[in-house]
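An overview of the molecular structure
So the chains spell out like this:
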Amino acid sequence: MNFSSEILEQAVEEISKLPGIGKRTALRLALHLLDVPIIQTENLTKALSNLVNEIKHCKICNNLSDTDICHICSNIYRDDKIICVVEDIRDVMAIESTHQYTGKYHVLGGKISPMEGISPADLCITPLLKRIKEQKVEEIIFALSATIEGDTTMFYIYKILGDTEIKFTTIARGIGIGEELEYTDELTLIRSIQNRIPYHQNIKKD
């Protein structure tokens, strides 16, 4: 691909580094940004700058937030006694879209995967354990992907806390084995949250 402008070539090169964006698509996007009113491009630039420089991780649940404490953790009407453990922000968004869950969350930032070199120390597990102790949590809902890695992560946390009086549940397996939570439809998520089952039952069946 021959460019008449090094500036354009550099823009295309950077845009094409985004997931699912090839060089031709990157070129179309770059040319589109040149065609639209400059204020639109400036707004995009500002939004991206804020995204990387201003966004924070909630100090309580590790969710992405504009402030030190996210709006879910600071909501006094949410139930502090129930924590839904998820892999990342996309799972929080998926469950919140159902408008059926009134507890709070904890975002692990991934799942244990020895094949990918991800150990428990790489995840936000220690803050979860501290939070459970300080908040006197009564129920932990595991809402992780129905994969071997997801099950491994659930079992690891359960083994650490299994001798406590905490109730452990997992969302019902209306979600297909191997499916990512973020791609599950809202109705399935609603039923999975409402029909969650004690986690120890899964261990016995396995």
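To keep things clear, this report deals only with the structure shown in the data block. (Residues numbered from 1 in each chain as written. Predicted model: local features only at pLDDT ≥ 70, side-chain atom pairs only at ≥ 80, totals over all residues. Heavy atoms only, no water.)

1. Some remarks on the overall build of the protein
Assigned secondary structure in the protein consists of eight helices and seven strands. When burial is assessed residue by residue, the protein has 38% of its 206 residues classed as buried. In the form shown here, the protein has an accessible surface area of approximately 12,900 Å², with 54% of it arising from carbon and sulfur atoms. (Helix = DSSP H or I, 4+ residues; strand = E, 2+ residues; numbered from the N terminus. Buried < 20%, exposed > 50% of the residue type's maximum accessible area, 1.4 Å probe, protein only. Areas by Shrake-Rupley, 256 points an atom, 1.4 Å probe, with all protein chains shown as cover.)

2. Overview of unusual backbone geometry
With a phi angle near 60°, H99 is a residue other than glycine that sits in the positive phi range. Residue position: H99 is located in the loop between α4 (89-96) and β4 (103-107). Under the relative-accessibility criterion, H99 is labelled exposed at 70%.

3. Things to note about a nonpolar patch on the surface
The grouping of L44, L48, L51, V52, I55 and L64 at the surface amounts to a nonpolar patch, some 510 Å² of accessible area in total. The biggest single contributor to the nonpolar patch is helix α3 (residues 38-53), with four residues. With respect to the secondary-structure elements, V52 resides in helix α3. (Patch = residues over 30% accessible without salt bridge, like charges linked within 9 Å, V, L, I, M, F, W, Y side chains within 5 Å. Salt bridge = Lys/Arg side-chain N within 4 Å of Asp/Glu carboxyl O.)

4. Structural notes on α4
For α4, the set of buried residues is D91, V92, A94 and I95. Buried positions in α4, seen along its axis, are confined to an arc of 160° and lie on one side of it. (Arc of directions from axis to C-beta.)

5. Quick word on the pairing of β4
β4 sits mainly inside the fold: five of its five residues count as buried. As defined by bridge partners, strand β3 (residues 79-86) adjoins β4 across five bridges and the pair is classed as parallel. Its bridge partner lying in β4, V85 is registered against H106. Considered for its hand, the β-α-β crossover made up of β3, α4 and β4 is right-handed. (Pairing = 2+ DSSP bridges. Right-handed = clockwise from strand over helix to strand, strands pointing away.)

6. Side note on the pairing of strand β6 (residues 167-170)
Two strands pair when backbone bridges link them, and strand β5 (residues 139-142) and β6 are joined in this way by four bridges, in the parallel orientation. Note that in β6 the partner of I140 across the bridge is F168.

7. Thoughts on the nonpolar core
C84, V86, I95, Y101 and Y105 are the most contacted members of the largest nonpolar core, which has 19 residues in total. Taken together, the elements giving at least two residues each to this core come down to β3, α4, β4 and α7 (186-194). (Core = buried A, V, L, I, M, F, W, Y, C linked by side-chain atoms within 4.5 Å.)

8. Topic: the packing of helix α1 (residues 6-15) against helix α2 (residues 23-35)
Two numbers describe how α1 lies on α2: the axes approach to 8 Å, and their chain directions differ by 125°. Regarding the angle of α1 to α2, the classification is oblique. Pair α1 / α2 crosses with right-handed handedness. From α1, L8, V12, E13 and I15 reach across to α2, where they touch K23, A26, L27, L29, A30 and L31. A class-by-class count of the residues in the contact of α1 with α2 yields eight nonpolar, no polar and two charged. (Axes fitted to C-alpha atoms, helices over the stretch in contact; angles between N-to-C directions. Parallel < 35°, antiparallel > 145°, perpendicular 65-115°, else oblique. Left-handed = near helix turned anticlockwise from the far one by under 90°. Contact = heavy atoms within 4.5 Å. Nonpolar A, V, L, I, M, F, W, Y, C, P; charged D, E, K, R; others polar.)

9. Here we look at the pattern of salt bridges
Pairs can form between side chains of opposite charge whenever their charged atoms are close. In this structure the tally under the stated criterion is seven salt bridges. R78 is the salt-bridge partner of E96, the closest N and O atoms lying 2.9 Å from each other. Of this pair, E96 sits in helix α4 while R78 is found in the loop between β2 (64-65) and β3, placing the two residues 18 residues apart along the sequence.

10. Focus on the side chain of N62
Turning to its location among the elements, N62 is positioned in the loop between β1 (56-57) and β2. Here the side chain of N62 touches V107 through a polar contact of 2.9 Å, landing on its backbone oxygen. Not counting chain neighbours up to four residues away, the residues in contact with N62 comprise H57, V107, L108, G109 and C124. (Polar contact = N/O pair within 3.5 Å; in protein donor to acceptor, adjacent residues only side chain to side chain.)

11. Regarding helix α5 (residues 126-135)
Here α5 has its buried residues at L128, R131 and I132. Projected down its long axis, α5 carries its buried residues within an arc of 100°, all on one side. Exposed side of α5, more than 90 degrees from the buried face: T126, K130, K133 and E134 are the residues found there. In this fold, the buried residues of α5 make contact with β3, β4, β5 and α6 (148-161). A positive backbone phi angle near 55° is found at K136, which sits one or two residues after α5.

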